[in-house]
Amino acid sequence: MDLFEYMREQNQQKESPLASRMRPTRLEDVAGQQHIIGKDKLLYRAIQADKLSSIIFYGPPGTGKTTLAKVIANTTCAEFTQINATSAGKKDMEEVVQQAKNNQGMYAKKTILFIDEIHRFNKGQQDYLLPFVEDGTVILIGATTENPYFEVNGALLSRSVVFELKPLSKEDIKTILIRAVNDKEKGMGSYQAEVTEDALEFLSDVANGDARAALTAIELGVLTTPRGEDGKIHITLAVASECIQKRVVRYDKNGDNHYDTISAFIKSMRGSDPDAAVYYLARMLYAGEDIKFIARRIMICASEDVGNADPYALMVAVSAAHAVERVGMPEAQIILSHAVTYVASAPKSNAACVAIDRAMETVRETRTAPVPVHLQDSHYRGAQKLGRGKGYLYAHDYKDHYVKQQYLPDGLTDAKFYEPTQNGYEKQISAHLDFLKKSAAREQM
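Residues numbered from 1 in each chain as written. Predicted model: local features only at pLDDT ≥ 70, side-chain atom pairs only at ≥ 80, totals over all residues. Heavy atoms only, no water.

Q: Can you explain a negative patch on the surface? Please cite residues and give values.
A: A cluster of acidic residues, Glu304, Asp357, Glu361 and Glu365, forms a negative patch on the protein surface. The dominant element in the negative patch, judged by the number of residues it contributes, is helix H19 (residues 351-365), at 3 residues. Among the structural elements, Glu365 can be located in helix H19. Residue Glu365 is classed as exposed on the basis of its relative accessible area of 58%. (Patch = residues over 30% accessible without salt bridge, like charges linked within 9 Å, V, L, I, M, F, W, Y side chains within 5 Å. Areas by Shrake-Rupley, 256 points an atom, 1.4 Å probe, with all protein chains shown as cover. Salt bridge = Lys/Arg side-chain N within 4 Å of Asp/Glu carboxyl O. Lys, Arg positive; Asp, Glu negative; His and termini not counted. Charge placed at Lys NZ, Arg CZ, Asp CG, Glu CD. Helix = DSSP H or I, 4+ residues; strand = E, 2+ residues; numbered from the N terminus. Buried < 20%, exposed > 50% of the residue type's maximum accessible area, 1.4 Å probe, protein only.)

Q: Report on the pairing of strand S3 (residues 111-116), specifying residues and quantitative values.
A: Across the 6 residues of S3, 6 count as buried, placing the element largely inside the fold. Taking every second residue as pointing to the same face, both faces of S3 are buried, with Thr111, Leu113 and Ile115 on one and Ile112, Phe114 and Asp116 on the other. Bridging between strand S2 (residues 79-84) and S3 involves 6 bridges; their strand directions are parallel. Bridging across to S3, Thr81 finds its partner in Leu113. Considered for its hand, the β-α-β crossover made up of S2, helix H6 (residues 90-107) and S3 is right-handed. Bridge count for S3 against strand S4 (residues 139-144) is 5 bridges, and the pairing is parallel. Across the sheet, residue Ile115 finds its bridge partner in S4, namely Gly142. For the segment spanning S3, helix H7 (residues 123-134) and S4, crossover handedness is right-handed. (Pairing = 2+ DSSP bridges. Right-handed = clockwise from strand over helix to strand, strands pointing away.)

Q: Residues and numbers for the sheet that holds S2, please.
A: The pairing of strands in a sheet happens through backbone hydrogen bonds and is either parallel or antiparallel. As summarised here, the arrangement of the 5 strands in space is S2-S3-S4-S1-S5, forming an open sheet in which the pairing is parallel. Sheet topology places S2 and strand S5 (161-164) at the edges, where each strand pairs with a single neighbour. Recorded for the sheet is a direction-independent mean angle of 15° between the axes of neighbouring strands. Together, strand S1 (55-58), S2, S3 and S4 form the strand contacts of helix H5 (residues 65-75), whose direction differs from that of S1 by roughly 145°. (Axes fitted to C-alpha atoms, helices over the stretch in contact; angles between N-to-C directions. Contact = heavy atoms within 4.5 Å.)

Q: Explain the pattern of salt bridges to me, and be specific about the residues and the numbers.
A: On inspection of all chains with the given rule, the structure shows 15 salt bridges. By sharing partners, the salt bridges in this structure join Lys170, Glu171, Lys174, Glu197 and Glu201 into a single network.

Q: Give me helix H16 (residues 291-306): which residues, what numbers.
A: When the terminal C-alpha atoms of H16 are compared, their 21 Å separation across 16 residues agrees well with the 22 Å that a helix rising 1.5 Å per residue should span. Taken as a whole, H16 has its buried residues at Ile291, Phe293, Ile294, Ala295, Ile298, Cys301, Ala302, Asp305 and Val306. Two or three places before Lys292, at the start of H16, stands the capping residue Asp290, its side-chain oxygen 3.0 Å from that residue's backbone nitrogen. (Expected span 1.5 Å × (residues − 1). Polar contact = N/O pair within 3.5 Å; in protein donor to acceptor, adjacent residues only side chain to side chain.)

Q: Now, about the pairing of S4: what can you tell me, with residues and values included?
A: Within S4, 6 of the 6 residues are buried, which leaves the element mostly enclosed by the surrounding structure. Alternating positions in S4 separate into two faces, Ile139, Ile141 and Ala143 on one and Leu140, Gly142 and Thr144 on the other, with burial throughout. Inspection of the sheet shows S1 paired to S4 by 4 bridges, in the parallel sense. The residue of S4 that forms the bridge with Phe57 is Ala143.

Q: Break down the confidence of the model for the chain for me, with residues and values.
A: Residues shown with low pLDDT carry predicted positions that ought not to be read at fine detail. A residue-level look at the chain finds 92% of positions with pLDDT of 70 or above and a mean pLDDT of 85. Least confident of the elements in the chain is helix H1 (residues 3-15), whose mean pLDDT is 53; most confident is helix H18 (residues 332-345), at 95. (pLDDT = per-residue confidence, 0-100.)

Q: Account for the packing of helix H17 (residues 312-327) against H18, with residues named and values stated.
A: The interhelical angle for the contact between H17 and H18, taken along N-to-C directions, is 170°, at an axis separation of 9 Å. Considering the angle they form, H17 stands roughly antiparallel to H18. Between H17 and H18, the residues in contact are Tyr312, Ala313, Val316, Ala320, Ala323, Val324 and Val327 and Ala332, Ile335, Leu336, His338, Ala339, Tyr342 and Val343, respectively. Residue composition of the contact of H17 with H18, by class: 13 nonpolar, 1 polar and no charged. (Parallel < 35°, antiparallel > 145°, perpendicular 65-115°, else oblique. Nonpolar A, V, L, I, M, F, W, Y, C, P; charged D, E, K, R; others polar.)

Printed below as a string of structure tokens:
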């Protein structure tokens, strides 16, 4: 390396974005991802022992894939080389492989090749690497935001260990931001900036697990906010919302705003107002509400407030709940809107809800009556000798697959729990039950 190259690297380290400068160089400084780098975990032990095999880091942006690669670069005795799949070609890989062979032959030294965004390599480029990964010429570390089981060559994948990185928690993001603001060597410590607690809370929340987004916002805030009368830079909630280009929504996930908004959301669906329901959905999504929590409320409403008036409502809600977990944001908002507008627009009935409430109250307040003998199980050994199931009428043997017989226990034969309404499909249910009763009455005449 000549003097000019050295000076270029030194200047780049000083002038590079905060997110790049703040990358940890030791495992102990990495925030989050304890499920793979905890002290009892495989990856931690492999890095500490410098005994890495080929690995692939898979996870959303800003979760630490490149950071972990850099940590490995700082702890390993192997030669570490990095390329980016968006700009590298076969020639770049050929040079890396040739250098790796030289390191192996001349110095008995391993070479770690870190490929960022490895999913951008086409099949031919990935195939080229395969024999060199297989024979140990290079130890591959791939980083991808896409599912490697779809985007990475199966043969390459079978020779690698996949580690999935999770979005960082709010507390992890907070830790990173505080460290960045106070670090005088690599961070913004020399600027004498102070960040209010609500600004920290806001940034760590809206970053949505992406440390890079949070660090970019705090850097912008420190660099563009004028000093106060006390000579310090104050990063307030207003400054934070400007820096991340997201307006602050009054929505405390543990406070009144949370409960008021979700209450309005549910009542709007129940009240058959899809416009209001989707508006409150948007408010919750904008504020970062958990999409799984929203999906659960839609499922409950579909059963409690729509019920048998439209049995498809619950199917739509359950399908949406499964889909949002698989798809994630931002596309999940479309799926949730689909379910919300369907449930809000569907005919309503709480008859099923009322039925279970009545039945639960009856069970709670009355003595547990024995099941009628003819309904008892007759299949176990000795049951028939005890008269179990004797006199049971098999409904499918009769006209309309219905026969009148006692199903409720003695003392409750006149109890009425489910009373279908005349709304939507429940009108057909009501008509069908009336038909069966009239049919049975005619048979008895």
